[in-house]
Amino acid sequence: MVSMVAMATDIMLPTLSIIGEDLGITDPNHTKLVVSSLFGGLALGQLLAGLISDSIGRKVTIYLGFIIFIVGCLISVTATSLDAMLIGRVLQGFGAASPRIITVAIIRDSYKGRAMARIMSIMMAIFILVPAIAPAIIQILITNINWQATFYFLIAMAAIGLV
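Since we're looking at a predicted model, the values are computed, not measured.

Description of the packing of helix α1 (residues 3–10) against helix α8 (residues 148–162)
Then, number 1: Following both chains from N to C, one finds α1 and α8 inclined at 175°, their axes separated by 11 Å at the closest point. Relative to α8, the element α1 is oriented roughly antiparallel. Mapping the contact onto sequence places Ser3, Met4, Met7 and Ala8 in α1 and Phe153, Leu154, Met157 and Ala158 in α8.
Then, number 2: Of the residues assigned to the contact of α1 with α8, the class counts are 7 nonpolar, 1 polar and no charged.

And the structure:
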């Protein structure tokens, strides 16, 4: 669940020029907004995720986060303009914040001392692995399918997390 943010960021980097061409973006600097808009949603989501989870529960908040992330991916995959893509990416960031933040809170709630440090180390190792494997995954997807496949891959990741 924590790796969703890293994957959603890193998987987009090789596709920016292709997305720019398909959406008719003439200024290459505008395609970079596809990445930064995710962080805008993530920042807002991180501020609210903890408060929401305290009110309605951790599990429900994680589910809502995954659903919002999937909706954001669906908007992005069907985007025909930069504005629609950016709305989708903000929603992805907002949705990805809940699983990322709540996972850490669950670990803190469930473990203490060395056990917590061990689980956090495993979690961080997975988080660090994602940027290493993301380029290979994206290359396979865009070479054999298209840039929209990256969003379907993210939807599949979120669906697995949701289950």
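Describing the side chain of serine 37
Then, number 1: Mapped onto the elements of the fold, serine 37 is located in helix α4 (residues 33–56).
Then, number 2: The class of serine 37 is buried, set by a relative accessible area of 11%.
Then, number 3: Of the polar contacts made by the side chain of serine 37, one reaches the backbone oxygen of valine 34; its length is 3.4 Å.
Then, number 4: Residue contacts for serine 37: discarding those within four places in its chain leaves Leu86, Arg89 and Val90.

Considering the pattern of salt bridges
Then, number 1: For the coordinates displayed, the defined rule picks out 1 salt bridge.
Then, number 2: Taking the shortest distance from any N to any O, the salt bridge between aspartate 109 and arginine 58 comes out at 2.6 Å. Here arginine 58 lies in helix α5 (residues 58–77) and aspartate 109 lies in helix α6 (residues 82–110), a separation of 51 residues in the sequence.
Then, number 3: Of the residues examined, aspartate 109 reaches a relative accessible area of 48% and is grouped as partly exposed.

What about the environment of isoleucine 56?
Then, number 1: Positionally, isoleucine 56 belongs in helix α4.
Then, number 2: Those residues within four positions of isoleucine 56 in sequence are excluded, and the remaining contacts are Thr61 and Leu64.

Details of the packing of aromatic side chains
Then, number 1: Taken as a whole, this structure holds 1 aromatic pair when the rule is applied.
Then, number 2: Between tryptophan 147 and phenylalanine 151 the ring centres are 6.1 Å apart and the planes differ by 80°, which places this aromatic pair in the edge-to-face class.
Then, number 3: You can call tryptophan 147 buried: its relative accessible area is 3%.
Then, number 4: What makes phenylalanine 151 buried here is its relative accessible area of 0%.

Overview of a nonpolar patch on the surface
Then, number 1: Taken together, the side chains of Leu44, Leu47, Leu48, Leu51, Ile52, Ile56, Val60 and Leu64 present a nonpolar region at the surface, about 700 Å² in accessible area.
Then, number 2: Contributing elements (two or more residues each) for the nonpolar patch: α4 and α5.
Then, number 3: It is α4 that provides the largest number of residues to the nonpolar patch, a total of 6 residues.
Then, number 4: Take leucine 47: it is sitting in helix α4.

Notes on the nonpolar core
Then, number 1: Grouped together as the largest cluster of nonpolar side chains are 40 residues, with contacts concentrated most on Met7, Ile11, Met12, Phe69, Met85, Phe151 and Leu154.
Then, number 2: Once residues lying within four places of it in the same chain are set aside, the contact partners of leucine 154 are Met4, Met7, Ala8, Ile11, Phe69, Cys73 and Gln92.

A short note on α1
Each turn of an α-helix holds 3.6 residues, which means side chains three or four residues apart point in the same direction.
Then, number 1: In terms of burial, α1 is largely enclosed, as 8 of its 8 residues are buried.
Then, number 2: Regarding α1, the residues found buried are Ser3, Met4, Val5, Ala6, Met7, Ala8, Thr9 and Asp10.
Then, number 3: Elements in contact with the buried residues of α1: α4, α5, α6, α7 (113–144) and α8.

Rules used throughout
- Residues numbered from 1 in each chain as written.
- Predicted model: local features only at pLDDT ≥ 70, side-chain atom pairs only at ≥ 80, totals over all residues.
- Heavy atoms only, no water.
- Axes fitted to C-alpha atoms, helices over the stretch in contact; angles between N-to-C directions.
- Helix = DSSP H or I, 4+ residues; strand = E, 2+ residues; numbered from the N terminus.
- Parallel < 35°, antiparallel > 145°, perpendicular 65-115°, else oblique.
- Contact = heavy atoms within 4.5 Å.
- Nonpolar A, V, L, I, M, F, W, Y, C, P; charged D, E, K, R; others polar.
- Buried < 20%, exposed > 50% of the residue type's maximum accessible area, 1.4 Å probe, protein only.
- Polar contact = N/O pair within 3.5 Å; in protein donor to acceptor, adjacent residues only side chain to side chain.
- Salt bridge = Lys/Arg side-chain N within 4 Å of Asp/Glu carboxyl O.
- Phe/Tyr/Trp six-rings, centres within 6.5 Å; stacked < 30°, edge-to-face > 60°.
- Patch = residues over 30% accessible without salt bridge, like charges linked within 9 Å, V, L, I, M, F, W, Y side chains within 5 Å.
- Areas by Shrake-Rupley, 256 points an atom, 1.4 Å probe, with all protein chains shown as cover.
- Core = buried A, V, L, I, M, F, W, Y, C linked by side-chain atoms within 4.5 Å.

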